Amino acid sequence: MDKKFKIHKDDTVQVIAGKDKGKRGTVVRILSKKDAVIVSGVNIVKKAMKKRSQQDQGGIAEIEAPLNISNVAIVCKKCGPTKIGYKLDGDKKIRVCRKCGETL
């Protein structure tokens, strides 16, 4: 069974630890088995790519590497990076900002 995370795909997050501390981006993918996320424009690494066909170009490509999910914080529109809380709205569970209470 996959783990449940408070951060979802297409959330705006800020890196709070590591070489890219302070950078913001959107979550492209969540790797639940590794407890990691891939954030657009963050943690760029160079990777040697092999030429796969005649038209395909090999060489060194820059790709986004996964970050541990504990090293990112979701960004609230009002107060910046924050923790996530939950509120019940009827039968639905809604994610809210812990600082200001705005829905995320």
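This structure is a prediction, so every number in the text was calculated from the model and none was measured.

> Before we go on, may I ask you to explain the overall build of the chain in this structure?
Of regular secondary structure, the chain possesses zero helices and 10 strands. Helices and strands appear in the chain in the N-to-C order β-β-β-β-β-β-β-β-β-β. Here the chain has a C-alpha radius of gyration of 17 Å; the compact-globule value for 104 residues is 13 Å, and the former is much larger. When the backbone C-alpha atoms are referred to their principal axes, the chain occupies close to 55 × 30 × 20 Å. Buried residues in the chain amount to 31% of all 104 residues. Counting contacts in the chain only where the partners sit at least 6 residues apart, residues at least 24 apart contribute 38% of the total. Accessible surface, the chain: about 7,600 Å² in total, of which carbon and sulfur atoms supply 49%.

> Would you mind going over the side chain of D11 with me for this structure?
Position of D11 relative to the elements: it lies in the segment before β1 (12-15). A relative accessible area of 10% means that D11 is categorised as buried. Other than its neighbours up to four places away in sequence, D11 contacts K6, G25, T26, V27, I74 and R95.

> Would you mind going over the pairing of strand β9 (residues 84-89) with me for this structure?
The side chains of a regular strand alternate between both faces of the sheet. Relative to strand β10 (residues 92-97), β9 runs antiparallel, the two being bridged by six bridges. Looking at β10, one finds that D89 is bridged to K92. In sequence, β9 turns back onto β10 through a hairpin of two residues, with G90 there showing a positive phi of about 70°.

> Would you explain the sheet that holds strand β6 (residues 67-68) in this entry?
Within a sheet, each strand pairs with its neighbour through backbone hydrogen bonds, oriented either parallel or antiparallel. Pairing within the open sheet is antiparallel, and its six strands lie in the order β6-β3-β2-β1-β7-β8. Only two strands of the sheet have a single partner each, and these edge strands are β6 and β8 (80-82). With three bridges joining them, β1 and strand β2 (residues 24-31) adopt antiparallel strand pairing. Bridging across to β2, Q14 finds its partner in R24.

> Any chance you could explain the environment of G59 here in plain terms?
Tracing the sequence through the fold places G59 in strand β5 (residues 59-64). Sequence separation between G59 and M49 is 10 residues; the distance between their C-alpha atoms is 5.3 Å. If we ignore the near neighbours within four places in the chain, the residues touching G59 are K47, A48 and M49.

Calculation criteria
- Residues numbered from 1 in each chain as written.
- Predicted model: local features only at pLDDT ≥ 70, side-chain atom pairs only at ≥ 80, totals over all residues.
- Heavy atoms only, no water.
- Helix = DSSP H or I, 4+ residues; strand = E, 2+ residues; numbered from the N terminus.
- Rg over C-alpha atoms; globule rule 2.2 N^0.38 Å.
- Buried < 20%, exposed > 50% of the residue type's maximum accessible area, 1.4 Å probe, protein only.
- Contact = heavy atoms within 4.5 Å.
- Areas by Shrake-Rupley, 256 points an atom, 1.4 Å probe, with all protein chains shown as cover.
- Pairing = 2+ DSSP bridges.

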